[in-house]
Amino acid sequence: MGIFDNKKTAGQDLLLPRHIAIIMDGNGRWAKKRGLPRTAGHAAGAETFRRIATYCRDIGVEYLTVYAFSTENWKRSVQEVSSIMGLLRRYLEEAVDSMTRERVRIKVLGDTSALSPDIQELIRRTEEIGSKIDTKAQANLCVNYGGRDEIVRAVRRWAAEEPGTQLTEDVLSKYLYTAGMPDPDLIIRPSGEIRISNFLLWQSAYSEFYFTDVLWPDFTTGDIDRAIEEFRKRDRRYGGAK
Ligand code: FPP
């Protein structure tokens, strides 16, 4: 995308971010505060995701991308990993039934080959249904996703598929999980942590960041409104000058 295209996008940003990305953080602390197991925090976090995805669709956000499970999250206990996978399975099962009615295309971004065969099959079915839905709203769930891993895989695929050609930013973008999608305009991280944690490293080059202390399970549609309000005040220059 050239600088003039970026300027055009910047004009539209005054209204609404086209693409919002969220690091769903703070589930464990939310559960601990209530004397509950961490898995209860993730279950509450999955409910928050449902509410926020519906809200984003309703207000006209085209892409919502959430970090559900990183390439590093396998280090967590077997119980915690299987509870997150269980929530993902349940969500995808529901999505197969409801995607067309709800008018939201669900996509899973990440190295899905490491997931259980039944989850891989659910992902295949959601992709198939998603490809037939006529909607502007898309929710991307990043699962077994890592920004560095994504870039390495993209370069490997490019080297295998287009050997001897020139690698450019546009060419590399075609091999990322987010191929064909706009970069996130706004990245939100709740729970008070102020870091990127290997999320959308390539795509976040010119994203605006919004941090809040609210823990993800407590995150409301009002918090999305506040993040968008703050986003509207930002002056996006994409490295240019006024
Ligand atoms: C980070 O909080 C959260 C995760 C690693 C998992 C997020 C997963 C979900 C919300 C469920 C996924 C399923 C669907 C359907 C969206 P943390 O556990 O690191 O919190 P802490 O920093 O307070 O310990």
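For the structure, check the block above.
Residues numbered from 1 in each chain as written. Predicted model: local features only at pLDDT ≥ 70, side-chain atom pairs only at ≥ 80, totals over all residues. Heavy atoms only, no water.

**Q** In this structure, what is going on with the sheet that holds strand β2 (residues 63-70)? I would like to understand it.
**A** Backbone hydrogen bonds are what pair the strands of a sheet, in a parallel or an antiparallel way. Pairing within the open sheet is parallel, and its six strands lie in the order β3-β4-β2-β1-β5-β6. Every interior strand has two partners, whereas the edge strands, β3 (105-109) and β6 (208-211), have only one. Sheet twist, expressed as the average angle between the axes of neighbouring strands with direction ignored, equals 20°. Pairing geometry for β3 and strand β4 (residues 138-145), over five bridges, is parallel. Within the sheet, the bridge partner assigned to R105 lies in β4 and is Q138. (Pairing = 2+ DSSP bridges. Helix = DSSP H or I, 4+ residues; strand = E, 2+ residues; numbered from the N terminus. Axes fitted to C-alpha atoms, helices over the stretch in contact; angles between N-to-C directions.)

**Q** What should I look at first to understand the site of the ligand in this one?
**A** Taken together, 18 residues surround the ligand, and among them M24, G28, R29, R38 and R76 come closest. In this structure, an oxygen atom belonging to the ligand sits 2.9 Å away from a side-chain N or O atom of R76. Relative to its free-state accessible area of 620 Å², the ligand is covered by the protein chains to the extent of 91%. The set of elements that each furnish at least two residues to the shell around the ligand consists of α2 (27-33), α3 (38-59) and α4 (78-102). The element that contributes the greatest number of residues to the shell around the ligand is α3, accounting for five residues. (Near = heavy atom within 4 Å. Polar contact = N/O pair within 3.5 Å; in protein donor to acceptor, adjacent residues only side chain to side chain. Areas by Shrake-Rupley, 256 points an atom, 1.4 Å probe, with all protein chains shown as cover.)

**Q** Can you help me understand the pattern of salt bridges in this one?
**A** Side-chain pairs of opposite charge can arise whenever the charged atoms involved come near each other. Within this structure, the stated rule accounts for 27 salt bridges. Between R189 and D25 there is a salt bridge whose closest N-O contact spans 2.9 Å. Pair noted here: R189 is in strand β5 (residues 186-189) and D25 is in the loop between β1 (19-23) and α2, with a separation of 164 residues, a long-range link. By relative accessible area, which is 17% here, D25 ends up buried. (Salt bridge = Lys/Arg side-chain N within 4 Å of Asp/Glu carboxyl O. Buried < 20%, exposed > 50% of the residue type's maximum accessible area, 1.4 Å probe, protein only.)

**Q** Would you mind showing me how to read the pairing of β4 here?
**A** Within a regular strand, the side chains alternate between the two sheet faces. Of all eight residues that make up β4, eight are buried, and the element is covered over most of its length. Direction of pairing for β2 relative to β4: parallel, over a ladder of seven bridges. Across the sheet, the residue bridging to V66 is L141, located in β4.

**Q** Where do I start with the environment of E127 in this structure?
**A** One can find E127 in helix α5 (residues 117-130). Between the alpha carbons of E127 and K32 there is a distance of 36 Å; along the sequence they are 95 residues apart. For E127, the contacting residues outside a window of four places in its chain are K107 and V108. (Contact = heavy atoms within 4.5 Å.)

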